[in-house]
Amino acid sequence: MTGSVDFTEDSPSTYYMDESGQGGDLATAGPSLDFRNQPVFVLAAVGCDAEADLAEGVKSIRVRRFPQAVELKAASGHASPAAVSDLLDVLERVQAKILMEVMDKRFTLAATMTNTLVMRPVGSSDRDPKAYWLRAQLAECLHDAAPTAVYDAFLDACRQPSEETIKAAFRAILVWIPPSTSRDTLIGALRFITLDSLKDFRKAGLRRPEVQRRFLPLSDPGHSGKPVWVLPHLSAFTSLYARINRLRNSRLDGVRILHDEQRYYADILASAKAADEGLAGDGEEIVFERADYRFGETGDLAFVPSDGLAGIQAADLLAGFAMRYVRDILAGGSPSPEAVAAFRRLADGRQAHRGVGMNLMLSNRDIRRCGLVPSRDPAVSPR
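Turning our eyes to something else, we now look at the packing of helix α11 (residues 310-330) against helix α12 (residues 337-347). Interhelical geometry of α11 versus α12 gives an angle of 120° and a closest axis separation of 11 Å. Looking at the two axes, α11 sits oblique to α12. In this structure, the crossing between α11 and α12 has a hand that is left-handed. Contact residues: α11 offers L318, F321, A322, Y325 and V326, while α12 offers A339, V340, A342, F343 and L346. Residue composition of the contact of α11 with α12, by class: 10 nonpolar, no polar and no charged.

Attention shifts here to α12. For α12, the complete set of buried residues consists of A339, V340, A342, F343, L346 and A347. Seen from one end, α12 has its buried residues packed into an arc of 165°, which puts them on one side. Turned more than 90 degrees away from the buried face of α12, the exposed residues are P337 and E338.

Further remarks concern the pattern of salt bridges. Close approach of charged atoms allows side chains of opposite charge to pair. Tallying each qualifying case throughout the model produces 16 salt bridges. Here D89 ties to R345 by a salt bridge, and the two come within 2.6 Å at their closest N and O atoms. One end of the pair, D89, is in helix α2 (residues 81-93); the other, R345, is in helix α12, with 256 residues separating them in the sequence. Exposure remark for D89: the relative accessible area of 35% places this residue in the partly exposed category. Taking the shortest distance from any N to any O, the salt bridge between R159 and D156 comes out at 2.9 Å. In this pair, R159 and D156 are both assigned in helix α5 (residues 148-159), 3 residues apart and thus about one turn of the helix distant. One salt-bridge network, held together by shared partners, links D144, R365, D366 and R369.

Looking at where H233 falls in the secondary structure, it is placed in helix α9 (residues 232-247). The exposure class of H233 is buried, given its relative accessible area of 0%. Side-chain polar atoms of H233 contact the side chain of Q22, separated by 2.9 Å. Once residues within four sequence positions are removed from consideration, H233 is found in contact with E19, Q22, F41, L43, H259, Q262 and L269.

Owing to its 3.6 residues per turn, the α-helix brings residues three or four apart onto one side. With 14 residues, helix α6 (residues 163-176) ought to run about 20 Å at 1.5 Å a step, and its terminal C-alpha atoms sit 20 Å apart, in line with that. Within α6, the full set of buried residues consists of E163, T165, I166, A169, F170, A172, I173, L174 and W176.

You will see that Q95, though not glycine, has its phi angle at about 60°, which is positive. On the secondary structure map, Q95 appears in the loop between α2 and β3 (97-104). With a phi close to 65°, S250 is a non-glycine residue in the positive phi region. Tracing the sequence through the fold places S250 in the loop between α9 and β6 (256-260).

Moving on: the packing of α6 against helix α7 (residues 186-205). The geometry of α6 relative to α7 is characterised by a closest axis approach of 9 Å and an angle of 160° between their N-to-C directions. Looking at the two axes, α6 sits roughly antiparallel to α7. Both α6 and α7 take part in a crossing whose hand is left-handed. Residues E163, I166, K167, F170, I173, L174 and W176 of α6 form the contact with α7, whose own contacting residues are I187, L190, R191, T194, L195, S197, L198 and F201. Within the contact of α6 with α7, the residues separate by chemical class into 10 nonpolar, 2 polar and 3 charged.

Bringing the packing of aromatic side chains into the picture now. Under the criterion given, the structure shown has 7 aromatic pairs. Ring geometry for F170 versus F201: centroids 5.9 Å apart, planes at 35°, classification tilted. With F170 in helix α6 and F201 in helix α7, the pair connects residues that are 31 residues apart, well separated along the chain. Take F170 and F201: they sit in the same class, and that class is buried.

M100, L318, F321, F343 and L346 are the most contacted members of the largest nonpolar core, which totals 48 residues. Listed by contribution, the elements that provide at least two residues to this core are β2 (40-47), α1 (51-65), α2, β3, α11, α12 and β8 (357-361). At 12 residues, α11 tops the list of elements feeding residues into this core. A146, C158, A172 and L174 belong to the second largest nonpolar core, which has 36 residues in total.

Cut-off values and rules
Residues numbered from 1 in each chain as written. Predicted model: local features only at pLDDT ≥ 70, side-chain atom pairs only at ≥ 80, totals over all residues. Heavy atoms only, no water. Axes fitted to C-alpha atoms, helices over the stretch in contact; angles between N-to-C directions. Helix = DSSP H or I, 4+ residues; strand = E, 2+ residues; numbered from the N terminus. Parallel < 35°, antiparallel > 145°, perpendicular 65-115°, else oblique. Left-handed = near helix turned anticlockwise from the far one by under 90°. Contact = heavy atoms within 4.5 Å. Nonpolar A, V, L, I, M, F, W, Y, C, P; charged D, E, K, R; others polar. Buried < 20%, exposed > 50% of the residue type's maximum accessible area, 1.4 Å probe, protein only. Arc of directions from axis to C-beta. Salt bridge = Lys/Arg side-chain N within 4 Å of Asp/Glu carboxyl O. Polar contact = N/O pair within 3.5 Å; in protein donor to acceptor, adjacent residues only side chain to side chain. Expected span 1.5 Å × (residues − 1). Phe/Tyr/Trp six-rings, centres within 6.5 Å; stacked < 30°, edge-to-face > 60°. Core = buried A, V, L, I, M, F, W, Y, C linked by side-chain atoms within 4.5 Å.

Spelled out as structure tokens, the structure:
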């Protein structure tokens with residue numbers, strides 16, 4: 001909770017954002033859920049008001065390590081462990097704040113399925129910490145054990161919502177988990193809760209389109225006019241904006257968020273920002289230890305090219321490095337000792353009580369595989 005402590009004295013008013021691993025929405029997951037070979041998405045924000053000092057530090061890294069480059073870009077191979085380690089030195093020196101959302105798309109899809117099809121929110125009790133904790137456990141179960149057929153059925157329902165496709169999504173879970181499974185086990189509880197949700201679907205009127213939409217994630221219009229579902233960038237930005245609000249103690253007046261230029265998703269992200277801010281007006285605001293959705297003031301969001309902006313280049317390097325590191329770990333790879341040291345140093349910035357650092361949208365099993373200790377937001381842990 002924000003409490004009475006004023007964090008704004010050492011909290012920057014300018015935040016630079018960039019992402020890595022953007023392969024579209026999760027409903028275009030592809031065969032075997034390969035997500036177009038981009039299974040991990042990362043959105044990074046670098047908060048820094050010492051723009052000139054940051055620019056000088058980033059320039060020194062470029063001149064020393066990549067003298068032929070015009071600017072630093074992860075896509076050009078500049079997010080090496082050595083360069084990232086140098087960058088962390090620079091960010092520490094200029095007292096920058098690092099905020100990151102690291103998302104395994106399969107786990108994010110499991111969490112989305114949990115929060116819509118399996119255990120749809122129905123009232124204020126769903127904002128209780130115990131409810132969040134239970135949802136997290138169910139998502140872990142889906143991610144770790146559910147076959148691809150369960151995800152495929154859910155994605156089919158997202159793409160073509162109907163009575164038949166949504167019932168098929170429910171049925172895929174119920175067929176996967178035998179009826180004889182004990183309710184005292186997590187997977188048994190998952191089956192029981194899913195069956196209860198199916199009953200609610202039938203009672204509410206499963207032929208009505210407005211009812212069908214309640215059991216699926218909302219879609220947004222994509223750049224081509226086609227709807228997109230569960231856009232990783234959208235949920236990551238929503239979280240980061242609430243974390244900046246937390247870090248700033250709800251004082252966002254005069255705050256600038258400079259996001260790398262977006263051809264496809266700028267309008268969606270701007271709408272997400274407005275939706276975040278609107279929560280405070282309808283009583284639906286949510287307060288976590290690391291994020292505060294009670295927006296009393298609003299910041300400015302602009303989409304700008306990375307040319308000449310050291311902050312966006314820094315965010316790009318951090319996002320690209322973290323994305324590749326986690327992607328390789330999930331694929332069974334063994335990062336170099338230098339990469340492990342740089343990632344752990346970056347991850348050491350996790351401070352849930354301040355909103356800064358790395359928020360990991362991964363299963364506990366995969367967080368451990370990354371060499372870290374699972375640490376959910378304390379507000380989500382059972383009391």
